[in-house]
Amino acid sequence: MTRQVAIIGAGPSGLLLGHLLKAAGIDVVIIERQAQAYVEARIRAGVLETVTTDLMRRLGIDARMNADGLIEDGFNLASGDQLIRIDIKRLTGRHVTVYGQTELTRDLFAAAQERGLEAICEASDLAIHDAEGAPFVTFVRGGAIQRIDAQFVIGCDGFHGPSRRLIADAGGAKSFEREYPFGWLGILADVPPCHPELIYANTDDGFALASMRSPTRSRYYVQVPLTETLENWPEDRLWDELARRFDPICDFGVTRGPALEMSIAPLRSFVFETMRHGRLFLAGDAAHIVPPTGAKGLNLAASDVAYLSDALVDYFRSGSEEGLIGYERKALSRIWKAERFSWYLTKLMHRFPEDGPFEHRMQAAELDYVAQSETMQTVIAENYVGLPL
Ligand code: RFL
Ligand code: PHB
């Protein structure tokens with residue numbers, strides 16, 4: 001039997017797309033390499049734009065998000081010990097929602113089961129065949145090779161998945177990349193946040209972020225050189241570092257507690273052009289990566305699949321390929337603007353090893369300008385809440 005759509009990867013982009021297509025009556029299957037519990041436990045994004053929360057509402061998978069998500073009307077940039085509040089509600093009329101990617105993924109998996117959206121997990125050695133003709137995917141599950149034929153294959157398989165590799169190997173695609181000379185060391189702990197709103201801080205010791213998952217669960221990050229390892233960072237050392245950076249600027253001081261998770265993530269900007277090869281399309285991290293400054297990654301995955309689901313639904317309803325042809329142009333226009341904003345905020349808030357006193361003064365001057373200019377604050381707020389679809 002030929003399925004209408006096979007989606008590779010059950011991260012946010014694969015699960016959201018699966019639900020959107022299933023809700024439109026399309027015969028769709030998701031194939032995921034990891035176990036469901038593994039995917040649900042990955043600690044990643046925390047800030048959702050309305051693009052993402054609107055999709056969850058449209059799907060009717062919003063009960064827990066409505067109950068537990070924190071509406072944030074503003075966030076802060078810190079320059080040394082000066083706190084600059086960006087009042088996103090007043091400047092844009094909108095807000096962002098703090099709701100962890102782990103929670104969102106859990107909600108989407110639970111609804112998949114209730115709604116009969118098929119998600120095959122623990123599928124190894126996946127390969128995509130005949131993407132330009134009659135596509136099919138093969139994979140190994142429980143020791144047996146399986147094959148699924150589909151009219152379209154959608155690569156939602158993240159930065160390291162096989163879909164983009166296949167397109168790259170076919171030749172003709174371009175990629176644009178910037179690697180940053182540092183990473184983010186993150187800690188998650190059941191302690192109250194040091195401030196009611198997020199703080200992105202530029203300090204003499206480097207960047208730090210105070211974020212949260214709930215009024216009792218904090219998420220912090222500090223900039224570290226790429227050579228750092230977790231062994232060098234006993235929890236106490238990280239708490240000392242966070243206290244040094246945040247105690248002078250936040251309301252309550254940093255509360256310490258045992259780490260639920262610690263990890264180091266490298267920072268990268270990456271865009272792959274093209275997002276289509278025959279009947280294979282890319283969405284989410286498979287096609288682009290942003291540094292986490294600005295919280296755009298998951299939200300871009302959501303806008304990609306909003307565009308792509310409309311195009312696929314239109315194709316299956318009317319036979320028109322117009323939406324599918326226009327997908328890449330539409331998606332890339334939003335992707336590049338989010339790339340620009342994440343890159344800008346990364347440059348503004350981090351200490352780059354190659355920078356000297358002049359560049360530090362430039363950063364301080366720009367932050368001072370932001371503090372004084374409502375126009376600058378509006379530009380930042382507008383990008384932070386997310387550009388329109
Ligand atoms: P994902 O989440 O990587 O999911 C891809 C899925 O594909 C599966 N896969 C395969 N399946 C089958 N066969 C194969 N061969 C496969 N290879 C891979 C993988 O197992 C996985 O389940 O990509 P997706 O769905 O496009 O979602 C993207 C987001 O996860 C990502 O952009 C965000 O997490 C980025 N991000 C943030 N985004 C935000 O919008 N707001 C934030 O606050 C935010 N904070 C962050 C972040 C990412 C971070 N890290 C660790 C990279 C903070 C951090 C620290
Ligand atoms: C997070 O809470 O994990 C988080 C928040 C904002 C970011 C990145 C990560 O920009």
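Placed above this text is the structure.
Residues numbered from 1 in each chain as written. Chains lettered and ligands numbered in written order. Predicted model: local features only at pLDDT ≥ 70, side-chain atom pairs only at ≥ 80, totals over all residues. Heavy atoms only, no water.

A short note on the pattern of salt bridges
In step 1: If you walk through the whole model with that rule in mind, you get 24 salt bridges.
In step 2: The partner of R90 in a salt bridge is E374, with the nearest N and O atoms 3.4 Å apart. On the criterion of sequence distance, the pair formed by R90 in helix α5 (residues 88-92) and E374 in helix α12 (residues 374-385) is long-range, its members being 284 residues apart.
In step 3: A salt bridge links R106 to E103; its shortest N-O distance comes to 3.5 Å. One end of the pair is R106 and the other is E103, both in helix α6 (residues 101-115) and 3 residues apart, which spans about a single turn.
In step 4: A single salt-bridge network, built from bridges that share partners, covers R85, D87, R90, E197 and E374. (Salt bridge = Lys/Arg side-chain N within 4 Å of Asp/Glu carboxyl O. Helix = DSSP H or I, 4+ residues; strand = E, 2+ residues; numbered from the N terminus.)

Points about the pairing of strand β13 (residues 199-203)
In step 1: Along β13, 5 of the 5 residues are buried, which leaves the element largely enclosed by surrounding structure.
In step 2: Side chains of β13 alternate between two faces, with I199, A201 and T203 and Y200 and N202 buried alike.
In step 3: Pairing of β13 with strand β14 (residues 206-214), which is carried by 5 bridges, proceeds in the antiparallel orientation. Among the inter-strand pairings, T203 is bridged to a residue of β14, identified as G206.
In step 4: Between β13 and the antiparallel strand that follows it, β14, lie 2 residues. (Buried < 20%, exposed > 50% of the residue type's maximum accessible area, 1.4 Å probe, protein only. Pairing = 2+ DSSP bridges.)

So, the packing of helix α3 (residues 50-59) against helix α9 (residues 297-318)
In step 1: One way to put it is that α3 packs onto α9 with a least axis distance of 8 Å and a crossing angle of 50 degrees. Here α9 runs oblique to α3, going by the angle between their axes. Crossing angle aside, the handedness with which α3 passes α9 is left-handed. In contact with V51, T52, L55 and R58 of α3, α9 contributes L298, N299, A302, S303, V305, A306, S309 and D310.
In step 2: Class assignment for the residues of the contact of α3 with α9 results in 6 nonpolar, 4 polar and 2 charged. (Axes fitted to C-alpha atoms, helices over the stretch in contact; angles between N-to-C directions. Parallel < 35°, antiparallel > 145°, perpendicular 65-115°, else oblique. Left-handed = near helix turned anticlockwise from the far one by under 90°. Contact = heavy atoms within 4.5 Å. Nonpolar A, V, L, I, M, F, W, Y, C, P; charged D, E, K, R; others polar.)

Description of helix α11 (residues 357-372)
In step 1: Taking 1.5 Å of rise per residue, 16 residues should cover 22 Å, and α11 covers 23 Å from first to last C-alpha, within 8% of that figure.
In step 2: Restricting attention to buried positions, one finds in α11 the residues Q363, L367 and V370. Considered in projection along α11, the buried side chains sweep an arc of 55 degrees and stay on one side of the axis. Exposed and oriented more than 90 degrees from the buried face of α11 are P357, F358, R361 and Q372.
In step 3: Buried-residue contacts for α11 involve β5 (75-79), β6 (82-86), β13, α10 (322-349) and α12. (Expected span 1.5 Å × (residues − 1). Arc of directions from axis to C-beta.)

Details of the pairing of strand β1 (residues 2-8)
Two faces, one strand: in a regular strand the side chains alternate between the faces of the sheet.
In step 1: For β1, a buried count of 5 out of 7 residues is recorded, marking the element as mostly surrounded by other parts of the structure.
In step 2: Note: β1 against strand β11 (residues 144-155), 6 bridges, orientation parallel. Directly across from I8, in β11, lies its bridge partner G155.
In step 3: Alignment of β1 against strand β2 (residues 28-31), held across 4 bridges, turns out to be parallel. The residue bridging V5 from the neighbouring strand is V28, located in β2.

A few points about the site of ligand 1
In step 1: Near ligand 1 there are 32 residues, and of these E32, R42, Q101, D285 and L298 occur at the shortest range.
In step 2: Between ligand 1 and Q101, the relevant distance is 2.7 Å, taken from an oxygen atom to a side-chain nitrogen or oxygen of the residue.
In step 3: L298 places a main-chain nitrogen or oxygen 2.7 Å from an oxygen atom of ligand 1.
In step 4: Taken by itself ligand 1 offers 1000 Å² of open surface, and the protein chains cover 88% of this. (Near = heavy atom within 4 Å. Polar contact = N/O pair within 3.5 Å; in protein donor to acceptor, adjacent residues only side chain to side chain. Areas by Shrake-Rupley, 256 points an atom, 1.4 Å probe, with all protein chains shown as cover.)

A look at unusual backbone geometry
For residues that are not glycine, phi is negative in most cases, and the peptide bond is trans in most cases.
In step 1: One non-glycine residue, D125, lies in positive phi territory at about 55 degrees.
In step 2: Considering the arrangement of structural elements, one finds D125 in strand β9 (residues 124-129).

Some words on the environment of P266
In step 1: In this fold, P266 is placed in strand β16 (residues 259-273).
In step 2: P266 gets classed as exposed once you look at its relative accessible area, which sits at 57%.
In step 3: Residues P266 and K337 lie 71 residues apart in sequence; the distance between their C-alpha atoms is 21 Å.
In step 4: Those residues within four positions of P266 in sequence are excluded, and the remaining contacts are F182, G183 and L226.

Some words on the packing of α9 against α10
In step 1: For the pair α9 and α10, interaxial distance at closest approach is 9 Å and the crossing angle is 165 degrees. Put simply, α9 runs roughly antiparallel to α10. For α9 against α10, the interelement crossing comes out right-handed. In contact with N299, L300, S303, D304, Y307, L308, A311, L312 and Y315 of α9, α10 contributes G323, L324, Y327, K330, A331, R334, I335 and A338.
In step 2: A breakdown of the residues in the contact of α9 with α10 according to their chemical character gives 11 nonpolar, 3 polar and 3 charged.

On their own, these measurements won't tell you what the molecule is for.
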